[in-house]
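Residue-level listing of the chains:
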Amino acid sequence: MKSVRRIWNRIVEFVIEKAIFLAGILSIVFVVLIFVFLLKEGLSLFKEYSPLAFLFGTKWYPISHPPSFGIVPLLLGSVVVTLGSIVIAVPLGVGAAIYVGEVAPVWLREILKATVEFLAAIPSIVLGFIGLVTLVPLVKQVFHLQTGLTAISGSIMLAFMAMPTIVSMMEDALRAVPSSYRYGAIALGATRWQTIWRVMLPAASSGMLAAVMLGIGRVIGETMAVMMITGNAAGIPTSLMQPVRTMTATIAAEMGEAVQGSDHYFSLFAIGIVLFIITFAINLTAAFFINRRSKA
Amino acid sequence: MKLDARLTEKVVFFLLLLATLVIVVPVFLIAGLIVKNGFAALSWEFLTQSPRLGMRAGGIFPAIVGTMYLVFGTAVFALPAGIFAAVYLCEYAKESRLTRIIDVAIVNLAGVPSVVYGLFGLGLFVVFLKFGTSILSGSLTLAIMSLPVIVTASREALNSVPQSFREVSLALGATRWQTISRVVLPNALPGIITGAILAISRAAGETAPILFTVAAFYLPRLPQTLFDQCMALPYHLYVISTQVPNLKPHIQYGTTLVLILMILIMNLTAVFIRAHFRKKKQW
Amino acid sequence: MVDETSKDKLVVKDLNVRYGTKEVLRQISFAVRSNEILGIIGPANSGKTSLLRTLNRLNDNDAAFSMSGTVTLDGQDIYKKMAPHTLRRKMGIIFALPTPLPLSIYENIAYGPKLHGTRNKTALNEIIERTLRASFLWDEVKDRLDMPAMKLSGGQQQRLCIARTLAVEPEIILYDEPCSGLDPISTAKVEEAMTLLTKQFTQILVTNNTKQAARVSDRTAFFLTGELVEIDETQRIFTVPCDQRTEDYVSGRFG
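Residues numbered from 1 in each chain as written. Chains lettered and ligands numbered in written order. Predicted model: local features only at pLDDT ≥ 70, side-chain atom pairs only at ≥ 80, totals over all residues. Heavy atoms only, no water.

Asks: Just to check I follow, could you spell out the overall build of chain A for this structure?
Replies: Secondary structure assignment for chain A yields 11 helices and two strands. Written out in order from the N terminus, the α and β elements of chain A read α-α-β-β-α-α-α-α-α-α-α-α-α. By the compact-globule yardstick of 19 Å for 296 residues, chain A is too spread out, its C-alpha radius of gyration being 24 Å. Across the 296 residues that make up chain A, the buried fraction comes to 51%. Look at the contacts in chain A between residues 6 or more apart in sequence, and 70% of them connect residues 24 or more apart. Each charge class in chain A was averaged separately, 20 positive and 13 negative side chains, and the resulting centres sit 10 Å apart. (Helix = DSSP H or I, 4+ residues; strand = E, 2+ residues; numbered from the N terminus. Rg over C-alpha atoms; globule rule 2.2 N^0.38 Å. Buried < 20%, exposed > 50% of the residue type's maximum accessible area, 1.4 Å probe, protein only. Contact = heavy atoms within 4.5 Å. Lys, Arg positive; Asp, Glu negative; His and termini not counted. Charge placed at Lys NZ, Arg CZ, Asp CG, Glu CD.)

Asks: I keep staring at the domain arrangement of chain A and nothing clicks. Help me out?
Replies: Interface extent is often summarised as the accessible area lost during association of the parts. Residue and element names in this part refer to chain A. Split by domain assignment, chain A resolves into domain 1 (2-47) and domain 2 (60-295). The straight-line distance from the C-alpha centre of domain 1 to that of domain 2 is 33 Å. Across the boundary between the two partners, domain 1 contributes 12 residues, which contact 12 residues of domain 2. Regarding the contact of domain 1 and domain 2, the summed buried area is about 950 Å², with carbon and sulfur atoms giving 86% of it. Of all residues in domain 1, Leu-38, Glu-41 and Leu-45 give up the largest surface area on contact with domain 2, accounting jointly for 56% of the area buried on that side. Where domain 1 touches domain 2, the interface holds zero salt bridges. Where domain 1 meets domain 2, there are zero residue pairs in polar contact (both at pLDDT 80 or more). Along the lines of polarity and charge, the residues of the side of domain 1 that touches domain 2 split into nine nonpolar, two polar and one charged. (Domains from an automatic or database assignment. Buried area = accessible area lost by both parts, 1.4 Å probe. Salt bridge = Lys/Arg side-chain N within 4 Å of Asp/Glu carboxyl O. Polar contact = N/O pair within 3.5 Å; in protein donor to acceptor, adjacent residues only side chain to side chain. Nonpolar A, V, L, I, M, F, W, Y, C, P; charged D, E, K, R; others polar.)

Asks: What should I look at first to understand the pattern of salt bridges in this one?
Replies: Side chains bearing opposite charge may pair, as long as their charged atoms lie close to each other. Residues and elements named next belong to chain C. Within this structure, the stated rule accounts for 28 salt bridges over all chains. Between Arg-33 and Glu-233 there is a salt bridge whose closest N-O contact spans 3.7 Å. With a gap of 200 residues between them, Arg-33 in strand 2 (residues 22-33) and Glu-233 in strand 10 (residues 227-233) connect regions that are remote in the sequence. You can call Arg-33 partly exposed: its relative accessible area is 33%. We classify Glu-233 as partly exposed; its relative accessible area is 34%. The shortest N-O distance in the salt bridge between Arg-159 and Glu-140 comes to 2.9 Å. Remark: Glu-140 occurs in helix 6 (residues 138-141) and Arg-159 occurs in helix 7 (residues 154-167); sequence separation between them is 19 residues.

Asks: Before we go on, may I ask you to explain the interface of chain A and chain B in this structure?
Replies: In this complex, chain A contributes 73 residues to the contact, which on the side of chain B involves 73 residues. Counting the surface chain A buries against chain B, the share from its top three residues, Ile-20, Phe-129 and Trp-193 of chain A, is 10%. Across the contact surface, chain A and chain B share zero salt bridges. Here chain A and chain B share seven residue pairs in polar contact (both at pLDDT 80 or more) between them. Classifying every residue of the side of chain A that touches chain B gives 53 nonpolar, 14 polar and six charged.

Asks: Would you take a moment to explain the interface of chain B and chain C for this structure?
Replies: On the chain C side, the residues contacting the 20 residues of chain B number 28 residues. Taken together, the links from chain B to chain C amount to one salt bridge. For Glu-167 of chain B, the salt bridge identified is with Arg-53 of chain C, shortest N-O distance 2.5 Å. Our count for the contact surface shared by chain B and chain C stands at four residue pairs in polar contact (both at pLDDT 80 or more). If you list the elements that add at least two residues to the side of chain B that touches chain C, you get helix 7 (163-171) and helix 8 (176-205) of chain B.

Asks: Help me understand the pairing of strand 7 (residues 172-176) of chain C in this model?
Replies: As a general feature of sheets, a regular strand has side chains that alternate between the two faces. Residue and element names in this part refer to chain C. Judged by how many residues are buried, strand 7 sits mostly within the fold: five of five residues are covered. Neither face of strand 7 is open: one carries Ile-172, Leu-174 and Asp-176, the other Ile-173 and Tyr-175, and all of them are buried. Relative to strand 8 (residues 202-206), strand 7 is paired through five bridges, and the arrangement is parallel. Note that in strand 8 the partner of Ile-173 across the bridge is Gln-203. Each parallel crossover has a hand, and the one from strand 7 via helix 8 (residues 184-197) to strand 8 is right-handed. (Pairing = 2+ DSSP bridges. Right-handed = clockwise from strand over helix to strand, strands pointing away.)

Asks: Help me out: how do you make sense of the sheet that holds strand 6 (residues 91-94) of chain C in this one?
Replies: Strand pairing in a sheet takes place through backbone hydrogen bonds and is either antiparallel or parallel in direction. Residues and elements named next belong to chain C. Across the sheet, which stays open at both edges, the six strands sit in the order 6-7-8-3-9-10 with mixed pairing between neighbours. Pairing within the sheet leaves two strands with one partner each, and these edge strands are strand 6 and strand 10. Looking at each pair of strands side by side, their axes are set apart by 15° on average, direction ignored. By the bridge criterion, four bridges tie strand 6 to strand 7 in an arrangement that is parallel. Residue pairing for strand 7: Gly-92 is matched across the bridge by Ile-173. Helix 7 rests against strand 6 and strand 7 of the sheet, and its axis sits at about 175° to strand 6. (Axes fitted to C-alpha atoms, helices over the stretch in contact; angles between N-to-C directions.)

Asks: Even after reading the chapter, I still don't get the sheet that holds strand 2 of chain C, so can you show me in this structure?
Replies: In spatial order, the strands read 2-1-4-5 (chain C); together these four strands make up an open sheet with antiparallel pairing. Looking along the sheet, the strands with just one partner apiece sit at the ends: strand 2 and strand 5 (76-77) of chain C.

Asks: Please clarify how the side chain of Thr-72 of chain C should be interpreted in this entry.
Replies: Here Thr-72 of chain C is to be found in strand 4 (residues 65-73). With near-sequence residues (within four places) excluded, Thr-72 of chain C lies in contact with Lys-9, Leu-10, Val-11 and Asp-77 of chain C.

Asks: Help me understand the nonpolar core in this model?
Replies: Most often, soluble globular proteins have nonpolar side chains that are buried together. With 218 residues, the main nonpolar core has Phe-54, Val-126 and Ile-271 of chain A together with Leu-10, Phe-30, Leu-55 and Phe-223 of chain C as its most contacted residues. Ranked by the residues each element gives to this core, the list is headed by helix 6 (residues 151-175) of chain A, at 15 residues. Residues from two domains meet in this core; each of domain 1 (2-47) and domain 2 (60-295) of chain A gives at least three. In this structure Phe-30 of chain C touches Leu-10, Val-11, Val-12, Leu-38, Leu-51, Phe-223, Leu-228 and Ile-231 of chain C, once residues within four positions along its chain are discounted. If you look at the next biggest cluster of nonpolar residues, it comprises 18 residues, including Ala-110, Leu-124, Leu-137 and Ala-163 of chain C. (Core = buried A, V, L, I, M, F, W, Y, C linked by side-chain atoms within 4.5 Å.)

So this is what it looks like as structure tokens:
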């Protein structure tokens, strides 16, 4: 009786341990699967359409005859919006991270952190909607534009959305600086700001760089809010004050209308490949900086 | 010189405060805007009826139910996979090339854009596995997206269980799995649940991954099986704020408020669980 | 019967242990007899704790650990012929710091028996009373068995750990400096328990406290920087050791 149960327990344990191992490698499986499925659908485009025309073409006219699938306008759209948002987000994010991590009194720090966490919890679609009804009219009015649905609106919104990532990761980086550095500087008579500026920031630079990288990753991949407030005109952008269309928005907006198995459908997956490779590279770089920090 | 340094510090700290306020104040404004306009829209009818007149009237009941189904489906798929993956990494695997590759994979899964998850779900679940545009496809897609977050949170929780607990259990003749199931997991569970709820609450608000895998533009009846489409709050909000002209804004704000409240309730539950068990914790 | 007790219970032969490139035990060979208390003494970093962890296979999951040589329990190779959990059931260990699980006193002791299939309430109650009496804890806790074990004092916790180990009815009990964190009164109680347990168990006591080894062990082994310098009757080790280094250590000249 007892030995039957023991054998049964053995079998159960064996099965569970196999399941645990499978779950362990699941992340690898999914990364590979994602890439494989993007390739499988995306590369179908190039049976009839030249990869060069896709990568370097300057016209995105997916439903004209003949169609044109040049992603340069979309790529530039993503780049312009991302650059704009980084220019806004980095100084603000660094400032806020220093303030929250080093300057603010404890009670205020808790409130600020909770607020930033709340911001992180707001879905992209909600921020898109709010941006549409508040930010877009504001941009139109301030810059005297015909429409507020422009790259600059997208940049501002994305900067805002990247804040939780940037602020909390930079704060982590600052906190990871050994406190002996800080006390050493203070003991030498430095003011708090001198300590932060000359000791803390250089020591935390790797982690802060990683924060910026992950922020960029978040911004490039952002879809819904960008689609709702950048105007979605697939022309080559020449300024921040005009409507643009990003790669993510193109996929989200056009997949609904693309016929399954058509070149248009495949081309959206091809954009997915480009996006996947870009974010993959960004994340690897960020991981590299984080590892460097933990080794230093 | 000394005075100068003090003055610089004052000015700089003021600028830092300003930067912080630029980020924080809009958050409060947004919250205020949603609450003020959203509460006006909330009513029994709004919460319990289907949309009518091309979404211009009626309620958002099918979207609420749909989002609940998706949250539930995501949890069912992502929780066991995520927890088991963390158990493998913390309790079974010795550090090796394989674990380093898994780490890289997790980092990258966490960074894949949500719309790419949507493409993947469309390619794998909807088309290749022929699940169609369905709750099943959507839940699986959202689950894979939540996986890295759940794994990371579970790992932290498992690592916080003292090593001595494991050794004691092993020393008493327990097998590895007995040790994990009787000592490690019970003590790590509050942390795991907290992290998992946070991850799944994020999934609840996602739009791009469900755009092509599950979401129905308008579906007045409730889904009957896993293979049915359903409405969902985030997608509904997208539809009514971009595709439906001449809509009274209170419906949009109401939908927003309901979505935010659902997410907030999940988050607060997580915070409560964490606080509750931290108080009870003996180690 | 007499033969049975004098037989070698545990035999260690040519044991070498490394963590990564660091050699912690070199060419260790000795035998432990049934129902004796073997004291193991030596200064810090002499490999005593590594030895116990190797005997109990607690290093199995450590990627840096490697070993050569054999350890046999009743003639069976513990690394080649036994599953680790089977081995550990026969060979309990008491750690240096008391390590109650975050459970009640009752559940701490019941943990082992439940693992091994005892679910009957009366049987469990009987085990708990017997083991707590054997570790001299029964009178102090009999009215509050539902109390979290973490709330006991350090000395009580350590005696609970002994009771918990007794509850799985091992054949050998390993002690890794069990009294290092305890006050003299608790130490005396633990030592008293150990002396009474010789009737049923073989015990190996690693200790930093040479006087403790002198008080309780039948035989004593002296370890120094990973080597077994000398093993003999306790009395001889402390009065007429063969090796000069042993004499220097037990007389307090270093360590």
